[in-house]
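This is what each chain is made of:
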Amino acid sequence: MDTKFIGKKSAAAGGWGALKSCGKQLLQSGMPISGARTMLKANQPDGFDCPGCAWGDPEHGSSFEFCENGVKAVAWEATEKRATPAFFAEKTVSQLRQLTDYELELNGRLTHPMRYYAASDRYLPVAWEDAFAEIGSILRGLDSPNRAEFYTSGRASNEAAFLYQLFVRVYGTNNFPDCSNMCHEASGIAMRQAVGVGKGTVLLEDFEEADAIFVIGQNPGTNHPRMLGDLRRAAIRGARVVVFNPIRERGLERFSDPQDKVEMLRGGSTDIASLYLQPQLGGDMAAVRGMAKAVLAAEDAAFAAGLPSVLDHAFLAEHCAGFAEYRAAVEATSWAEIEDQSGLSRQEIERAADVYINAERVICTWAMGVTQHLHSVATIREIANFMFLRGNIGRPGAGLCPVRGHSNVQGDRTVGINEKPSDDFLDTLEKHFRFTVPREHGHNVLAAIGAMLDGSAEAFIGLGGNFARATPDSALVEKALRRLKLTVHIATKPNHSHLMPGETAFILPCLGRTEMDLNAAGNSQLISVEDSMSMVHGSAGINRPASPHLLSEVAIIAGIAQATVGSAVVDWAELADDHDRIRDHIEATIPGFENYNARLRKPRGFHLRNPAAHREWDTPAGKASFSCEALPDETVHQRARKGEGRFALQTFRSHDQYNTTVYGLDDRYRGVYGERQVIFIHPADLEAMNAAAGDRIDVVGEHDDGIERIAENFRFVPYDIPRGSIAGYYPELNVLVPLGSAGRESDTPTSKSIMVSFRRRKAA
């Protein structure tokens, strides 16, 4: 059996392996020296914001403020390789579709605007003016603006996103399918219900004061490595780090900081997790409910013994609503139910609760391991409930911290990318720009796909991203895109979404985050982004553009807008040539951006005030609100074990990957090399199936909608994961995620709750 792709896992995250990987990525870019110089400007006052993750930045101006994945993102963008018109002339779109994601994007940066011709099945160059004119003509020709879908990736700047939403609303629709629909939608919904604000309540400095940090459903070592530095510093000073994650992730176990010279020279590392618990998929809500049950039991015991209270009664009385009902719900939940659903023992959960009880200041962080389940909103409400018990919101070193993915996914929402905009925002927009705004709620990602499939949507414009590969049910999404009248993709590199063209299709190449955007006067334009801690800071590219034919995202949006709706409401060309004017409009229409241009030019930018962090609650009750929802009737792992040979699957990233972008084929933290079509599974589950490492199988979806979903030719990797739960990489496994399975209230695809079985493949 071929198991050569399974190798040794890194002893710790970071370390010399991270430095070696950085060097490899810079060499692969073809520009190792200039790439290294570029990295020195990452997250600096006179440089650019890293195009990778949305983890908060420390005080700008230190010598190094980047991580391994930041180097990968910059090297990927600053490569010397070019996908010129000659690249598209060599192969038909059908032939290009046979390339993997990795092979396709290795061809480098797009250099010219391209138009698809069905007769030859090829993309050919097109002039910018002609592209804008044809796009505008098709959009104007639709019988309703609601027949067009306007997608946004989290890499877009605040300025581009604001201009985009303004154009689309002048056009007449609120159809804004957004990448946040597929990741942290549940966080925003749950937190608005619980504390009145859909954003995290902590600053990066709070991690310096926390006594305990609970990390739930999150893998910072791969997804936002700079967070490991903050967890490491917290662990060194004695803070307890409690991890809930089905998978043993190296970065949450041990981290060797590449910027710590002594640790590097000694080959040492720092233990991160004080306690590492591995719940079953979908079991996080039960685990948190169990901790709350243990805290309430400790409160009763303290009261009986005449000891100080465990709960923060002053906070509960002054700032909370619904505590009595929540307490009753917790007491009605049995330990047997909690243990069965969480997959953890009562003793394990009580150990975690003891950490909470003995910590004065607690932060709870989470990511998509929590948000991509059927009951994600209820789970995040339960996390908030748990944090309310001891007043761990609205004071230094404590709070709620959803960790976003892409670098500006939070900022895009702040400046108006929302299919369900508030009346207050629309009223302000209407008054300021003097046009009648559309009031009907628009489409999110799943609704947009449904509209494409049933024919009610006829056009798609993607501001960045790789829609076809990021979304669930890949085969259906490909069908949906290819039946449209118009598809437009604003991008830096070729990706698979470009190979699913509509009747008329365009690829419009844009500047990257690292590249200079010069206006008509030759001045470098500044953009801005918002991180997970609501810090807004500026970014200005320093490199020459990859091609003289590139336009900024703002300029492309302005060109499409001008050709579609004209300049009666907005002078699009003026805004494209002066981003300060766009920021003036943001300041005039969105609270928190007062004196935007001046504050943006400060070294660290500025913080958008979070009322909940000041114990101001914009909820119907006017207080932080408990939820008393019962645990789910059944989670995916409980359903899976009822059927013979069924498993609960979650998708995740490899270490050589960011979202759908694949930088390489290795996952050294998990010990997999040169292979992506793998399934991580408990060794005892392999033995029970009479299977072995390296065996080839097809993974078969078990959703009950009559659609056959198969991911072909995968191989087993034995791993430390709960029995009955398995894991593998997206986008390869997105074909198994059903469109019809979405989070309650959030409508987020349930990519961490997929029921599957296996089908053996015959040996080659």
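To be clear, the structure that these remarks concern was listed above.
Quantities reported herein were computed from a predicted structural model and do not represent experimental measurements.

Right, let's talk about the pattern of salt bridges for a bit. Pairs can form between side chains of opposite charge whenever their charged atoms are close. One pass over the structure, following the stated rule, counts 43 salt bridges. Across the pair Asp580 and Arg583 runs a salt bridge, and its minimum N-O distance is 2.6 Å. Separated by three residues within a single helix, Asp580 and Arg583 lie in helix 28 (residues 579-589), roughly one turn from each other. Relative accessible area serves as the criterion here: at 24%, Asp580 is assigned to the partly exposed category. Given a relative accessible area of 1%, Arg583 falls into the buried group. Among the salt bridges present, the one from Arg601 reaches Asp580, with a minimum N-O distance of 3.0 Å. Note that Arg601 is positioned in the loop between helix 29 (596-600) and strand 20 (606-607) and Asp580 in helix 28, a separation of 21 residues in sequence. Connected via shared salt-bridge partners are Asp143, Arg147, Glu458 and Lys485.

This brings us to unusual backbone geometry. Cis geometry is found at the peptide bond from Tyr730 to Pro731, where omega equals 10°. Considering the arrangement of structural elements, one finds Pro731 in the loop between strand 28 (725-729) and strand 29 (754-760). In this model, Asn690 sits at a positive phi of 60°, which is unusual for a non-glycine residue. Tracing the backbone through its elements, the reader meets Asn690 in the loop between helix 31 (683-688) and strand 26 (696-701). Positive phi is not limited to glycine here, since Glu745 has a value of about 75°. Mapped onto the elements, Glu745 comes out in the loop between strand 28 and strand 29.

Bringing the sheet that holds strand 8 (residues 240-244) into the picture now. An order of 11-8-7-13-14 is seen for the five strands of this open sheet, with the pairing classed as parallel. With one partner strand each, in any of the chains shown, strand 11 (275-277) and strand 14 (399-402) form the two edges of the open sheet. On average, each strand axis in the sheet is inclined to that of its neighbour by 15°, with strand direction left out of account. Bridge count for strand 8 against strand 11 is three bridges, and the pairing is parallel. By the bridge assignment, Val243 is partnered in strand 11 with Tyr276. Across the sheet, helix 9 (residues 185-195) touches strand 13 (362-366) and strand 14, and the angle it forms with strand 14 is around 165°.

Counted by the stated rule, this structure contains seven cavities of 30 Å³ or more. Quantified by volume, the second largest cavity comes out at close to 360 Å³. Around the second largest cavity, the lining comprises 29 residues; the ones closest to its centre are Gly217, Asn223, Met368, Gly369 and Lys752. Secondary structure elements with two or more residues in the lining of the second largest cavity: helix 19 (368-371) and strand 22 (646-652). Per element, the largest residue contribution to the lining of the second largest cavity is three residues, and it comes from strand 22. Its residues placed into classes, the lining of the second largest cavity shows nine nonpolar, 14 polar and six charged.

Where helix 8 (residues 158-171) meets helix 26 (residues 553-565), the closest approach of the two axes is 9 Å, and the angle between their N-to-C directions is 10°. The angle between the axes of helix 8 and helix 26 places the two elements in the roughly parallel class. Contacts between helix 8 and helix 26 involve Glu159, Ala160, Leu163, Tyr164, Phe167, Val170 and Tyr171 from the former and Glu553, Val554, Ile557, Ala558, Ile560, Ala561, Thr564 and Val565 from the latter. Within the contact of helix 8 with helix 26, the residues separate by chemical class into twelve nonpolar, one polar and two charged.

A word on the layout of surface pockets. Of the voids in this model, the largest pocket is the one considered here, and its volume is about 1200 Å³. Lining the largest pocket are 33 residues, with Arg192, Gly198, Lys199, Arg413 and Thr414 sitting closest to its centre. Mapped by element, the contributors of at least two residues to the lining of the largest pocket are helix 9, helix 21 (409-414) and helix 22 (423-433). Counted by class, the lining of the largest pocket contains nine nonpolar, 15 polar and nine charged residues.

We now examine the packing of aromatic side chains. Scanning the entire structure with this criterion turns up 30 aromatic pairs. Their ring planes at 75° and their centres at 5.0 Å tell us that Phe87 and Phe88 sit as a pair that is edge-to-face. Accessibility assignment for this pair places Phe87 and Phe88 in one class, buried. Each residue in the set Phe315, Phe323, Tyr326, Phe388, Trp617 and Phe626 is aromatic and connected to the rest through ring pairs, giving one cluster. Sitting over the ring of Tyr117, Arg115 keeps its end group 4.7 Å from the ring centre. In this arrangement the basic side chain of Arg670 is found over the ring face of Phe680, its NZ or CZ atom lying 6.0 Å from the centre.

Attention now goes to the sheet that holds strand 20. Pairing between the strands of a sheet is mediated by backbone hydrogen bonds and can be parallel or antiparallel. The three strands lie next to each other as 18-19-20, forming an open sheet whose pairing is antiparallel. Two strands lie at the open edges of the sheet, namely strand 18 (527-530) and strand 20, each paired on one side alone. Across four bridges, the pairing between strand 18 and strand 19 (residues 535-539) is antiparallel. Pairing of Ile527 across the sheet is with Ser539, part of strand 19. Sheet strands in contact with helix 8 are strand 18 and strand 19, and its direction is about 90° off that of strand 18.

Quick notes on the rules
Residues numbered from 1 in each chain as written. Predicted model: local features only at pLDDT ≥ 70, side-chain atom pairs only at ≥ 80, totals over all residues. Heavy atoms only, no water. Salt bridge = Lys/Arg side-chain N within 4 Å of Asp/Glu carboxyl O. Helix = DSSP H or I, 4+ residues; strand = E, 2+ residues; numbered from the N terminus. Buried < 20%, exposed > 50% of the residue type's maximum accessible area, 1.4 Å probe, protein only. Pairing = 2+ DSSP bridges. Axes fitted to C-alpha atoms, helices over the stretch in contact; angles between N-to-C directions. Contact = heavy atoms within 4.5 Å. 1 Å grid on protein atoms, 1.4 Å probe; cavity = no way out; pocket = protein on both sides within 12 Å on 5 of 7 lines; lining within 4 Å. Points joined across faces, edges and corners; volume = space filled by probe spheres on them. Nonpolar A, V, L, I, M, F, W, Y, C, P; charged D, E, K, R; others polar. Parallel < 35°, antiparallel > 145°, perpendicular 65-115°, else oblique. Phe/Tyr/Trp six-rings, centres within 6.5 Å; stacked < 30°, edge-to-face > 60°. Lys NZ or Arg CZ within 6 Å of the ring centre and 35° of its normal.

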